[in-house]
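Below, each chain spelled out in residue letters.
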Amino acid sequence: MPFLTEEEKEQVIQAITEAEKNTSGEIKVHIESQSQKPPLERAMEVFVELGIHQTEARNGVLIYICLQSKQLAILGDEGINNVVEPDFWECTRNLILDYFKNGQYKEGLIKGVLRAGERLKNFFPYQSDDANELSNDISVN
């Protein structure tokens, strides 16, 4: 059984679109079947590979999932990290993991994405001239 069905992926993409209506921040979900590297190290590579570090306000976020190791990492770019507390993403990560522990992957991602958008809007509110700098699709490797 796949981690997410096509229908579930669409629902997560809808959540990303919804979350980004409240913030100029950019949220990206990446799912990887396997990696030999520690999740945070690999997430940093994916962050650069996907160009998340190239947003104008440096306010991109990556939710990285490695299926093989059952690991999750959330990375925010320097624009976010310069203004938030060090454990800013910990509650979002824990929220997602609570759902994942029960096999509710779609629900965990949707709740996590919406929470990320909610938290980002305090520091990076939506601007009327905001451009969607990163596609909302889920990248898979």
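Structure's up top.
Residues numbered from 1 in each chain as written. Predicted model: local features only at pLDDT ≥ 70, side-chain atom pairs only at ≥ 80, totals over all residues. Heavy atoms only, no water.

1. Quick look at the sheet that holds strand β3 (residues 71-76)
The criterion, for reference: Note on pairing: DSSP must find at least two bridges between two strands before they are called paired. Labels follow the DSSP assignment, with helices taken as runs of H or I lasting at least four residues and strands as runs of E lasting at least two, numbered in each case from the N terminus. Any two residues whose heavy atoms approach within 4.5 Å at even a single point are treated as in contact. Helix axes use the C-alpha atoms of the stretch in contact, all axes being lines fitted to C-alpha atoms, and the angles between their N-to-C directions lie in the range 0 to 180 degrees.
Pairing is mixed across the open sheet formed by four strands, whose spatial order is β3-β2-β1-β4. What marks the edges here is a single partner per strand, and that holds for β3 and β4 (139-140). Judged from the six bridges that link them, strand β2 (residues 60-66) and β3 form a sheet pairing that is antiparallel. Each residue of the ladder has a partner; that of Leu62, found in β3, is Leu75. Packing against the sheet, helix α2 (residues 39-49) makes contact with β1 (26-32), β2 and β3, and its axis sits at approximately 50 degrees to β3. Helix α5 (residues 105-121) contacts β1 and β2 of the sheet and is inclined by roughly 150 degrees relative to β1.

2. Focus: the nonpolar core
What counts here: In plain words, nonpolar cores are sets of buried Ala, Val, Leu, Ile, Met, Phe, Trp, Tyr and Cys residues tied together by side-chain atoms within 4.5 Å. Residue burial is assigned from relative accessible area. The probe radius is 1.4 Å, only protein chains are included, and a residue is buried under 20% of its type maximum, exposed over 50%, and partly exposed in between.
If you look at the biggest cluster of nonpolar residues, it comprises 29 residues, and the most contacted ones within it are Val29, Ile63 and Leu109. Excluding anything up to four places from it in sequence, Leu109 contacts Phe3, Leu4, Val12, Val29, Ile63, Ile65 and Phe100. Ile52, Leu62, Cys66 and Leu75 belong to the second-largest nonpolar core, a separate cluster that totals 10 residues.

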